[in-house]
Each structure stands twice: as structure tokens, then as C-alpha cells.
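A structural walkthrough
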Amino acid sequence: MEQAAKKQVIEGLREQILSMQGYKTVSKNWQNISGLELFAPAFPGHSFPLQGIHEFISESREETAASSGFISGILSALMKDGSPCIWISASRKFFPPAAKRFSLPASSIIFIDLQNEKELLWVTEEALKCEGLAAVVSEIPDLNFATSRRFQLVIEKSKVTALFLRENPRIRSNTTCLARWKISPLPSILPEGMPGVGQPSWKAELLKVRNGEGGTFEVRWSGSTFEKLKSENTRILSIHELQAG
């Protein structure tokens, strides 16, 4: 009986710690944001973490375009309740009309284009303080532990999801991120015999997951959500198609 009581106390403490780290629910009766359930098994408690930082590392134009599309898919899930998003950049990689492909209301995305990295860091921190946002996307190449820790402390109050697109970071230092992703483009899927451009597909690698197992997912955009990728009927996307998605 004493052993069972100790186990219950430990589980309770673990859930409290994970909750503080951004895992909204960690009980057996967890519920995920619709559209993100596919990735939940890689995280503690099978719960996709929202209250923290997700980093997306890219090393080429193709990976940056793929990451932008993948982030748009996440935003599609987070913005279903009508909450707005702020997208911050010193050299914007996202093409606003492409938002329609992911059922994103472009009018609900506030784009802030800045001149330098110092301004970008300041505006990112101020945006993360806004409790009514679905998410803050920031194209921030370099991020050290101290800055990420400051962001995380802000997020613990506002409960906002942070999605950081880091193109060719000079140093991959330790940060307080909940997850570090690497998104690569995969061949698009077209129905057999149908012309045109298929939906974008990605290889999503979780390079780092705090207190989780990580993993690799091959997924496509169905038009409304992520779904597991099927291998038949594929063809390679061009760079122009990747930038659109």
C-alpha cells in the first residue's frame, strides 16, 4: 500500500512538472488539438505540447520552404477557434496567398517585417506576452539558452505557442525548446491519372523532445489536416511549388 501511495505521489509530481513545461494535459484522459494527434505519441503523455517553444531547423531553401508549409499546417489546427497569429521576420520566407492552401484566414495573421535581429528579438518577446494569440511565429536564425529561457518565462504566463523557424543557425546551442524539428520536402501525392500539383508532403524529424522519445513522421497535407503518407502515385515538387506551400 505504501509503495502504491509513493507511486501516486511521483506520478502527480511528474504531471505537475510536465504541465509547467508546456504539456497541457498529461493524464490518461488526454485530448489533443484536432489535427495534431498524429504527432502526439512522440511527446510525454501522448500530448502535443502547446505552451512552449518549437524550433524548426532548416539548412537549405527547400527545407525552409517545407518548414513554412509544415508550420502553416500547425497554425491551421491552432487557429480553428478564430484566434489570431503573429508572424515576425527580418526577411520574410512565407508567401501570404499560400495561406489559403492550409485553410488559414490570411486576415487573422499579422505579419511584422523588421530590419534587424535585435528588433526581431524584442518584438518576439512582446508578442509572446499577448495572451489572446493562437501562436507566434518568428523567423529567428540564432537563439541562445538565456534568450530562450526569457521567452519561456513569458510563455508560462501567456500560454502562447511559439514556433521558431531557424534557417542556417550558426550554432545549435541548447535552448529551452519543447521540441526541435527538421522538416524535409517529400514527393507530392496525386490521384492516379489526375494532372496538376499534389498536396505537399514532408518528412518531419523530431531531433529533440524534452522528456519524450522523438521520432520521424512522413506526412502529407490532406487539404484540411495532416495525415500519414502513402507511397504510391508520387512525384517530386519543384522549388516554386514548395515555396507556394
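These numbers come from a predicted model, not from an experiment.

1. A short note on the overall build of the chain
In terms of regular secondary structure, the chain is built from five helices and ten strands. Among the 245 residues that make up the chain, the fraction classed as buried is 49%. Here the contacts in the chain between residues at least 6 apart in sequence split such that 73% fall between residues at least 24 apart. For the chain, the accessible area works out to roughly 12100 Å², and carbon and sulfur atoms hold 53% of it.

2. Focus on the environment of Arg-150
Mapping Arg-150 onto the fold places it in helix α4 (residues 145-158). On a C-alpha basis, the gap between Arg-150 and Thr-176 in space is 9.3 Å, while along the polypeptide they are 26 residues apart. Of the polar contacts made by the side chain of Arg-150, one reaches the side chain of Glu-125; its length is 2.8 Å.

3. Some remarks on the nonpolar core
By size, the foremost hydrophobic cluster in this structure holds 39 residues, and its most contacted members are Phe-70, Leu-75, Trp-181 and Phe-226. Those elements that provide at least two residues to this core are α2 (61-78), β2 (85-89), β4 (135-139), β5 (161-167), β6 (179-189), β7 (199-209) and β8 (215-221). No other element matches the seven residues that α2 contributes to this core. Setting aside its immediate chain neighbours within four residues, Phe-226 contacts Gly-35, Leu-36, Leu-38, Phe-39, Phe-70, Gly-73, Ile-74, Trp-202, Val-219, Arg-220 and Trp-221.

4. With respect to the packing of aromatic side chains
In this structure the tally under the stated criterion is 18 aromatic pairs. Relative to Trp-202, the ring of Phe-70 lies with its centre 5.5 Å away and its plane at 90°, an arrangement referred to as edge-to-face. With Phe-70 in helix α2 and Trp-202 in strand β7, this residue pair connects regions lying 132 residues apart in the sequence. The class for Trp-202 is buried, based on a relative accessible area of 2%. Between Phe-102 and Trp-202 the ring centres are 6.4 Å apart and the planes differ by 25°, which places this aromatic pair in the stacked class.

Procedures and definitions
- Residues numbered from 1 in each chain as written.
- Predicted model: local features only at pLDDT ≥ 70, side-chain atom pairs only at ≥ 80, totals over all residues.
- Heavy atoms only, no water.
- Helix = DSSP H or I, 4+ residues; strand = E, 2+ residues; numbered from the N terminus.
- Buried < 20%, exposed > 50% of the residue type's maximum accessible area, 1.4 Å probe, protein only.
- Contact = heavy atoms within 4.5 Å.
- Areas by Shrake-Rupley, 256 points an atom, 1.4 Å probe, with all protein chains shown as cover.
- Polar contact = N/O pair within 3.5 Å; in protein donor to acceptor, adjacent residues only side chain to side chain.
- Core = buried A, V, L, I, M, F, W, Y, C linked by side-chain atoms within 4.5 Å.
- Phe/Tyr/Trp six-rings, centres within 6.5 Å; stacked < 30°, edge-to-face > 60°.

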